[in-house]
Amino acid sequence: MYKEHGAGIKTMNGVSDVRSKVVITGMVDIVADLNTCNNEAISAVASTVDIGGGNIQAINGAWAAIRAYGEFVTENTSVVNVNVVKQMDENGNVKVDPNDPFVELIAGAGDNKTTIYGDFVTNGGMGTRGHISVGLNGKDSYWTGNYADNRGYGVTQGQEGKVSLFMKNGATWTGFN
């Protein structure tokens, strides 16, 4: 295995109009460390990863704390949600983007402590189509990193990705220059 290809959590789909989804309702502690063969803490390819909160890091040269991007075989959007509250309709169902039924609409930050060190990336050799939504709540919650790349590369460059950051109660984001 090439050390730059590993990930702490990796999802892939490969089927049109079907959704691969990983849901972790509790807290996580995921560290991508290039010295131990992980280049991305969370990597979603045309699928969804929902995480309740916790600690997510990319250290020792690892490329991304969170990466979401498309694939060759479908037009599916990739979604990563961390510590967010989703918008609900009057019947208690999660609202979705009218242009993409796989993208759930976010109302704001959840209540869990969330700490993230490392970049967010929504590109890949198979295009972008990545949506990352993160909720930070409280003075002990933070993201230290950048939205590093938002355009695809390779054969199918895809569409630009999107990052939504929801912060409240003294949470912080520190970007690098």
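Residues numbered from 1 in each chain as written. Predicted model: local features only at pLDDT ≥ 70, side-chain atom pairs only at ≥ 80, totals over all residues. Heavy atoms only, no water.

Turning to the side chain of lysine 86, a few remarks are in order. Residue placement: lysine 86 occurs in strand E7 (residues 84-86). Among the polar contacts listed, one links the side chain of lysine 86 to the side chain of aspartate 50, at a separation of 2.7 Å. Side chain to side chain, lysine 86 and glutamate 104 meet in a polar contact 2.6 Å long. If we skip the residues at most four places from it in the chain, lysine 86 touches Lys21, Asp50, Asn81, Val94, Glu104, Leu105, Ile106 and Ala107. (Helix = DSSP H or I, 4+ residues; strand = E, 2+ residues; numbered from the N terminus. Polar contact = N/O pair within 3.5 Å; in protein donor to acceptor, adjacent residues only side chain to side chain. Contact = heavy atoms within 4.5 Å.)

With a phi angle near 50°, alanine 46 is a residue other than glycine that sits in the positive phi range. Structurally, alanine 46 can be placed in the loop between strand E3 (40-45) and strand E4 (48-59). With relative accessibility at 0%, the residue alanine 46 sits in the buried group. You will see that asparagine 169, though not glycine, has its phi angle at about 55°, which is positive. Judged by its relative accessible area of 57%, asparagine 169 falls in the exposed class. (Buried < 20%, exposed > 50% of the residue type's maximum accessible area, 1.4 Å probe, protein only.)

Moving on, we come to the environment of glycine 170. Mapping glycine 170 onto the fold places it in the loop between strand E16 (162-168) and strand E17 (172-174). In this structure glycine 170 comes out as partly exposed when scored by relative accessible area, which is 46%. Setting aside its immediate chain neighbours within four residues, glycine 170 contacts Gly138 and Lys139.

Turning to the environment of glycine 135, a few remarks are in order. When you line up the elements, glycine 135 lands in strand E13 (residues 130-137). Judged by relative accessible area, which is 0%, glycine 135 ranks as buried. Sequence-wise, glycine 135 and isoleucine 106 are 29 residues apart; in three dimensions their C-alpha atoms are separated by 9.6 Å. Ignoring any residue separated from it by four or fewer positions in sequence, one finds glycine 135 in contact with Val82, Asn83, Val84, Ala109, Thr114 and Phe166.

Attention shifts here to the layout of surface pockets. By volume, the largest pocket is sized at about 170 Å³. Taken together, 14 residues line the largest pocket, and the ones lying closest to its centre are Val103, Glu104, Ile106, Ser133 and Lys162. Sorting the residues of the lining of the largest pocket by element identifies strand E6 (78-82), strand E9 (100-104), E13 and E16 as the ones contributing at least two each. Partitioned by chemical class, the residues of the lining of the largest pocket number 7 nonpolar, 4 polar and 3 charged. (1 Å grid on protein atoms, 1.4 Å probe; cavity = no way out; pocket = protein on both sides within 12 Å on 5 of 7 lines; lining within 4 Å. Points joined across faces, edges and corners; volume = space filled by probe spheres on them. Nonpolar A, V, L, I, M, F, W, Y, C, P; charged D, E, K, R; others polar.)

Within the secondary structure, valine 49 sits in strand E4. Relative accessible area serves as the criterion here: at 0%, valine 49 is assigned to the buried category. C-alpha of valine 49 to C-alpha of valine 80: the two residues are 31 residues apart in sequence and 4.8 Å apart in space. Beyond its immediate sequence surroundings of up to four residues, valine 49 is in contact with Thr11, Val22, Ile42, Ala44, Val79, Val80 and Asn81.

Taken as a whole and assessed by the stated rule, the structure comprises 2 aromatic pairs. Measuring from centroid to centroid gives 5.1 Å for tryptophan 143 and tryptophan 173, while their planes differ by 10°, and the two rings are stacked. Here tryptophan 173 lies in strand E17 and tryptophan 143 lies in strand E14 (residues 142-144), a separation of 30 residues in the sequence. Among the aromatic side chains, those forming a connected cluster through ring pairs are Phe120, Trp143 and Trp173. Just above the ring of tyrosine 69 sits the side chain of arginine 67; from NZ or CZ to the centre is 4.0 Å. (Phe/Tyr/Trp six-rings, centres within 6.5 Å; stacked < 30°, edge-to-face > 60°. Lys NZ or Arg CZ within 6 Å of the ring centre and 35° of its normal.)

Here we come to the pairing of E4. The element E4 is extensively covered by neighbouring structure, given that 10 of its 12 residues are classed as buried. One ladder, built from 11 bridges, connects strand E2 (residues 21-33) with E4; its direction is parallel. Note that in E4 the partner of alanine 32 across the bridge is alanine 58. Here E4 pairs with strand E11 (residues 114-117) via 4 bridges, running parallel. From the neighbouring strand, glycine 54 faces E11, where its bridge partner is threonine 114. (Pairing = 2+ DSSP bridges.)

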